[in-house]
Structure formats: C-alpha cells, structure tokens
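Each chain, letter by letter, is given below.
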Amino acid sequence: MTDTAQSEPSSKKTNILFIMYDQLRFDYLSCAGHPHLDTPNFDRVAKMGVRFTNAYIQSPICGASRMSTYTGRYVSSHGAAWNGYPLRVGEHTMGDHLRKAGMDCWLIGKTHMKADADGMARLGLSPDSVIGARQAECGFDIWIRDDGLWAQGPDGFYDERRSPYNEYLKSKGYPSENPWADFANAGVDDQGDMASGWMFKNTDKAANIREEHSETPWLTDRTMDFIEQAEGPWCAHVSFIKPHWPYIVPAPYHDMYGANHVPAPKRHEMEREDPHPVYGAYMENRICSAFQQEEVRQKVIPAYMGLIKQCDDQLGRLLDFLEETGRMESTMIVLTSDHGDYLGDHWMGEKDLFHEQSVKVPMIIYDPRPEADATRGKTCDALVESIDLAPTFVDLAGAKVPDHILEGRSLLPWLEGKTPEWREFAICEYDYSATPQCVKLGLEPKDARLFMVFDGRYKLMHAEGGLRPMLFDLQSDPDEFNDLAKQPGHEDILDALYDKLATWGRRLAQRVTRSEDDIKNMRGRSLRRGVLPFMIDGSEVDEELTMYYRGPAPKWDSLDD
C-alpha cells in the first residue's frame, strides 16, 4: 500500500462486528486462492475492505491464542499459555479498554476463557457482581457464551457449565441429555446406530439435525438478536466454534465436496529424515498418524470444506441483515481465526507447530469510514499479528492506544492507505508442557516451550531444553520442507533471527500501570512539592522551589519553664 491524502475524520461512531472462526485455515477461502471452495461472502467483505495476507497468531493453541487476541499481549506477557490456564485477575482486556473509550464490548459465542477463581477470591470479587462477571468472562459482557465442546465421558462433561446451545436443541424437541453430541455432531449409520463425528470414518455422513438448528446458524441468529436491540457504540465479538472438529456437518453441506476436491498433501519425505525432536514427536502422535492416511483426509477435508461453506452462507445472512437494516455503513467487520489446521500437510494434523498451515490465519477488515475508501478491495502484505486487533478497536473508538499495556499496533493506518513504520518480524509462542510430547522428550515443563520468529522470508523455531532450532527460507522453499538448520552454512541467518528474538525478549511488557506520558509528567513533580535533597546552598534550583524554606525563622515559646 502507498500513502494517500488523509480524509476528514468521520464524526459518526463506528460499531465493530468482530467475527472469529475456530480452526479456519488462511488458504481455505476462494479470495485466498482455494481451487475448489467458493466463499462469496468472505470474498464480499474482502472486496469491501482489506485482506491482510500475512496475519499470524501468537500461539497455535486455542486458549493461548485467544487470550492474546483479547488482551492485545503476547503469551509470555499474559501467562495463559494453554487451554484451561486461567487469565490472571487484573489483566486488561479488549472490553476494559473499549469501555474506557465509551464503547460496550459483548461476547456472542466462544472464548475458551477460564476464570482466575483463586485470584478473584483473594480480592473478594464475586462472580455475581458486574466487575466480577467481567473478570470471569475475559472482560466481555455476555450476550451468550457457548464454548461449543460439550463432550461427555465416564467422568462427566468436558465443559461443566450449562450449554445454551444444548438447551436450545432440547427446546426444539431433540430428545437427549446432550443433543450437541447425539444430533449436532453425529450422523446415523446404515444400521440406524449413532455415527459419532468423533470418529473420522463417519465424517462423510450428514449430521443428524436440521441445518437451521446446527451450531453456525444458531449463533448467527443470536448475533442478529443482539444487533437488533443494540444501541451503539458497541463491539460484538461473535465467536463461532466451526469449522473446528468434530468434522461433521448437516445436509446439504455434507456431500457438497468429495475426494476429487481434496488437494494433495503438502509434505515431503525429507521432513521425516532426522526431524527436529519436537517435530518428530508430534508426527508420531495419534492425530498426525491419522491424517497421514489418505482415506482419512479424503473423508475429513470435504467435511471441513462443508463446514466452511456453511460459515460463508451464514456470514452472507449477517451481511444481508446489516445492509437491509441500514447498519452496514456504521459497522466495521473483522473476519479472522484463532489458528489453522494442518489437515495432513507436513505429516501433521491439528495445529501445534509453526508451519504456515498452523499459525497463519485469515484476516479481512471492512472499515466503513470514508477514510478507508482508498483501500477497498486491496490486499496488504505487512506482518500483522492477532494482538493488533485490540489497539485497532481502541483507535477506532477514538481513544489513545495505551501502548504500555497493548503490545500490538493499530491497523487503521493500513486501512486508510498509509504506510506506517511497522514491525520487522512476527512472534509466536507455544508452551507444550501439558502434552504427551513433553513427556516423550523427557523435558521438564519449564523447558517445553517453543518460539517462532518470522521476518517475512526466514522463519526460525527456537526450542528451549537444549534442543536445536529449525529454520526455513520461505522465498526459496515456500512449502517449508527443507529445514536449513539441519545443515551448516546458515549461521549468519540464525544469528540475525536470534538477535530479533532477543530484542523481542527485552521488550518492556510488565510496566502496565504507568504509560510513557505518565512518566514524563512525573519528572520534577517532587521538586515542586518541596522534596529538594542534595543541595549545597539552594542555588542549584529556581528560587520558586525554595520559597517555603527561606525567610525569617518562625518563633516559638520555650518549654523549659
């Protein structure tokens, strides 16, 4: 993008519809070049706004990634490094910043947030109070929260909270204690038995539910309910569970795509030759072993594509609703994901490591303000991070971005056609201490940590625990097959990337109670309040500062008599 003349600032407040999809790959959209998957509504937003082609998450695991997006801070700053790790009480979130700027911030869907119950109890914060509820819900006010994983086993439910979606299905007549598992995420086999979406062999079957009752339409309906009654300015975080597994989708989406639409996996035998120990451990786990089988890919990927197609259709409903109700011109729309999905590429399944399929995500932003007219339909290849969304929203709300707290950067200059001074590298972190791979490698939890540094060409994976790095040149090897760190001759590149990692590691991340301006304004304040140490005769400072310490000495009566 190039600089353009700045438009007159808009006086009308802009609302924010912040939509996150779970486990949506950056390249599974037609606007990103997918050869078979047609997503006209994602494309519609891209034509109205800017598609960022180099957007990276801060961790390839749901909870940690989301906590970075919601706080605008790196994982090592906020500390919630894995699913179920509580976000500590007092951590500033998107909602805290936006409410301070005069904008409400609501949740519709998933966060993966776990409350810091011990911290709240220590401070006497009741979850029933307004401030306690916000602390327990990642700073959001809740329209409806449903994390969308209502698995059930011998020891009970994976998620012990009440499921609004399950209650909805019961109200629609689905006769089950857990219709999420029995209907929305299961089909029916040839014998009339339940064909659970947990088993890959069943992913080509239609989910046993009316399409309009499935998860994505249900949350779309709740979103329109919210917008109907909302009075601005507001930010609504709409967080869909799909296309996250279980990979099963209702008719007609279950058979829209077939094996002929499944691309060949991006993987190479050289990746299995003396792999990095962490990479090798992951390639041998159950999910990766499954996705290394072509029959699995040919069943799962069409279902994954069907889930995305349903997401696109429901996005179309939202866009039509905004247009029909006259809200499009006053609503910023943000489309992104919390991470990607390997789908068998690099001999991997799920996410977990730092290949593009895992850590690169879609990010499309429609900014309705006239200031953004020059960039409509454009792409931007700047290195963008998910932590940039929180400062973007604060900037849009008209407030000064508190950059001593928020570690991301506002994207508004890019949306307005400017070329701001920008980061030279992107960072991603992964704490895998809770995984079997940590045990397999014999590592202590403190050493089971990975860091990615990507400068737009070279990508470094640093592993704690005394393990070697990985290195890829995405210019000559865009598929990331050839790990250059296996061979000598790349020491200068490694040193340069390690310098960048060290620079990032020295960032000022924890001084969140005083901004740069606060510190500048504090300078000299104690002098003007009479604290004047280390003077010889008083001439060292302006006379005004010693005015209370000069003149006749005060008299007082002796107490001797």
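In case you missed it, the structure is sitting above this.
In this text the structure is predicted, and so the values were computed from the model without any measurement.

> Whenever I open this one, the sheet that holds strand β16 (residues 426-431) confuses me. Can you help?
Pairing between the strands of a sheet comes from backbone hydrogen bonds, and it takes one of two forms, parallel or antiparallel. Taken in spatial order, the 4 strands make up an open sheet running β16-β17-β18-β19, and their pairing is antiparallel. Sheet topology places β16 and β19 (470-473) at the edges, where each strand pairs with a single neighbour. Recorded for the sheet is a direction-independent mean angle of 10° between the axes of neighbouring strands. Sheet topology note: the strand β17 (residues 449-454)/strand β18 (residues 458-463) ladder contains 5 bridges and is antiparallel. Looking across to β18, one finds that Met 452 is bridged to Met 461. Against the sheet, helix α17 (residues 491-505) contacts β16, β17, β18 and β19, and its axis sits at roughly 65° relative to β18.

> Would you mind going over a nonpolar patch on the surface with me for this structure?
There is a patch of nonpolar side chains on the surface, built from Met 547, Tyr 548 and Tyr 549 and spanning about 440 Å² of accessible area. Looking at the element boundaries, Tyr 548 is found in the segment after α18 (516-522). For Tyr 548, a relative accessible area of 73% corresponds to the exposed category.

> Can you walk me through helix α7 (residues 164-171) in this structure?
Among all positions in α7, only Pro 164, Tyr 165, Asn 166, Tyr 168 and Leu 169 are buried. Where α7 is buried, its residues meet β5 (141-145), α8 (179-184) and α9 (215-229). Following α7 by one or two positions, Gly 173 has its phi on the positive side, about 95°.

> What's the story with the environment of Ala 115 in this structure? I'm lost.
Within the secondary structure, Ala 115 sits in the loop between β4 (104-109) and α5 (117-122). On the basis of relative accessible area, Ala 115 is assigned to the partly exposed category, the value being 24%. Separated by 10 residues in sequence, Ala 115 and Cys 105 have C-alpha atoms that sit 18 Å apart.

> What is the right way to look at the nonpolar core in this model?
One recurring pattern in soluble globular proteins: nonpolar side chains tend to sit buried together. In terms of nonpolar packing, the biggest core is built from 75 residues, with Phe 18, Phe 52 and Phe 393 touching the most fellow members. A total of 5 residues in this core trace back to one element, the largest contributor, which is helix α14 (residues 389-396). If we skip the residues at most four places from it in the chain, Phe 52 touches Met 363, Ile 365, Cys 380, Val 384, Leu 411, Trp 414 and Leu 415.

> Explain the pairing of strand β13 (residues 363-366) here, please?
One face of the sheet, then the other: side chains in a regular strand alternate in exactly this way. Burial along β13 is two-sided: Met 363 and Ile 365 and Ile 364 and Tyr 366, pointing in opposite directions, are all buried. Note: strand β2 (residues 50-52) against β13, 2 bridges, orientation antiparallel. Following the sheet pairing, Arg 51 is matched in β13 by Ile 364. By the bridge criterion, 4 bridges tie strand β11 (residues 331-337) to β13 in an arrangement that is antiparallel. Of the residues in β13, the one forming a bridge with Thr 336 is Met 363.

> So what exactly am I meant to see when it comes to helix α12 (residues 294-324) here?
Three- or four-residue spacings in an α-helix give side chains the same orientation, since the helix completes a turn every 3.6 residues. For α12, built from 31 residues, the straight-helix expectation of 45 Å at 1.5 Å per residue is met to within 8% by its first-to-last C-alpha distance of 45 Å. Of all 31 residues in α12, 22 are buried, a share of seventy percent or more. A positive backbone phi angle near 75° is found at Gly 326, which sits one or two residues after α12.

> Whenever I open this one, the pattern of salt bridges confuses me. Can you help?
Opposite charge on two side chains makes pairing possible when the charged atoms of those side chains draw close. One pass over the full model with this rule turns up 44 salt bridges. The partner of Glu 371 in a salt bridge is Arg 369, with the nearest N and O atoms 3.6 Å apart. Taking the relative accessible area as the measure of exposure, Glu 371 reaches 8% and is therefore buried. Among the ionic pairs, Glu 385 bridges to Arg 423, the shortest N-O distance being 3.4 Å. Taken together, the residues span a long stretch of sequence, with Glu 385 in strand β15 (residues 384-385) and Arg 423 in the loop between α15 (412-415) and β16 at a distance of 38 residues. Members of the salt-bridge network, linked through shared partners, are Glu 137, Arg 145, Asp 147, Asp 159 and Arg 161.

What counts and how
- Residues numbered from 1 in each chain as written.
- Predicted model: local features only at pLDDT ≥ 70, side-chain atom pairs only at ≥ 80, totals over all residues.
- Heavy atoms only, no water.
- Pairing = 2+ DSSP bridges.
- Helix = DSSP H or I, 4+ residues; strand = E, 2+ residues; numbered from the N terminus.
- Axes fitted to C-alpha atoms, helices over the stretch in contact; angles between N-to-C directions.
- Contact = heavy atoms within 4.5 Å.
- Patch = residues over 30% accessible without salt bridge, like charges linked within 9 Å, V, L, I, M, F, W, Y side chains within 5 Å.
- Areas by Shrake-Rupley, 256 points an atom, 1.4 Å probe, with all protein chains shown as cover.
- Salt bridge = Lys/Arg side-chain N within 4 Å of Asp/Glu carboxyl O.
- Buried < 20%, exposed > 50% of the residue type's maximum accessible area, 1.4 Å probe, protein only.
- Core = buried A, V, L, I, M, F, W, Y, C linked by side-chain atoms within 4.5 Å.
- Expected span 1.5 Å × (residues − 1).

Just geometry here; none of it tells us what the structure is for.
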